[in-house]
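Observations on chain architecture
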Amino acid sequence: MKKIKDERLKLQNLQNLRIVFMVQTLGILAILGYEFIRFGFDKVISDPLWLVFLITGIVNQYLNLTISVDHENSTKNPKNRLAVSLIILGVIAVVIGYFICNTNSYDIVDALISSGIIFISGLIPSIYVYRLRVKRNDE
Amino acid sequence: MINSVKLARLEAGMTQQELADKAEVTRQTISLIEKGEYNPSLNLCLEICYAVNKSLDDLFWIDKERGKNEEN
């Protein structure tokens, strides 16, 4: 197949891909919805399509962060904003850990693991956004 | 977007296909640009200018008032 050099066709191609992505997502949601209704949520999360759906969503959110950062009008220091994000994240992780610890059949180790996972899951996008903000400030 | 691409192309004695080949786009894109139905990127504008030996001003500059009138 010949490589497309025409910018108009490249743009058209991207618009076509957007439609394909929408159809694909609707298809995945329809299959997962059917499985949920027929067999319950356990069947849904055991399906590899669920993993595809989650990964696609995460990648989409990370890509959208670059747009969100460009759209910001704030002139605050990125370091301060990172510190605020980490404090809020830390508080959320501690509160959730506290509730897990006080739940029957869960001990302090479970609480620490859960809090740690929540903290790291929030830490990665926070650092990513921080780096994007620093990069935007330098531009 | 109105422009003088068609006039410049005819002055240069080129067909749409020849201009398209020089600018590395399809003939349909040149046709749409000439009809004002597609707004090319600055890079493509420059490629077209190089192909017909004209400046950006010659081909794409329009007065603000005229541009607004054309849009309406």
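A few points on the structure.

Scoring rules and cut-offs
- Residues numbered from 1 in each chain as written.
- Chains lettered and ligands numbered in written order.
- Predicted model: local features only at pLDDT ≥ 70, side-chain atom pairs only at ≥ 80, totals over all residues.
- Contact = placed C-beta atoms within 7 Å.
- Nonpolar A, V, L, I, M, F, W, Y, C, P; charged D, E, K, R; others polar.
- Axes fitted to C-alpha atoms, helices over the stretch in contact; angles between N-to-C directions.
- Helix = DSSP H or I, 4+ residues; strand = E, 2+ residues; numbered from the N terminus.
- Parallel < 35°, antiparallel > 145°, perpendicular 65-115°, else oblique.
- Left-handed = near helix turned anticlockwise from the far one by under 90°.

Listed per partner, the contact involves seven residues of chain B and five residues of chain A. Across the side of chain B that touches chain A, the residue classes break down as three nonpolar, three polar and one charged.

Residue and element names in this part refer to chain A. With their axes 9 Å apart at the nearest point, helix 4 (residues 78–101) and helix 5 (residues 108–138) run at an angle of 165° to one another. In this view, helix 4 runs roughly antiparallel relative to helix 5, as classed from their interaxial angle. The hand of the helix 4/helix 5 crossing is right-handed. By residue class, the composition of the contact of helix 4 with helix 5 is 18 nonpolar, eight polar and three charged.

In this section: the packing of helix 1 (residues 7–39) of chain A against helix 3 (residues 48–71) of chain A. For any two helices packed against each other, the geometry is given by the interaxial angle and the distance between the axes. All names here are of chain A. Here helix 1 crosses helix 3 at 135°, and the two axes come no closer than 10 Å. By the angle class used here, helix 1 and helix 3 are oblique. Along this stretch, helix 1 crosses helix 3, giving a crossing that reads as left-handed. Contacts from Ile 28, Ile 31 and Leu 32 in helix 1 reach Leu 49, Trp 50, Val 52 and Phe 53 in helix 3. The residue makeup of the contact of helix 1 with helix 3, split by class, is seven nonpolar, no polar and no charged.

These results come straight from atomic positions and should not be treated as a statement about function.
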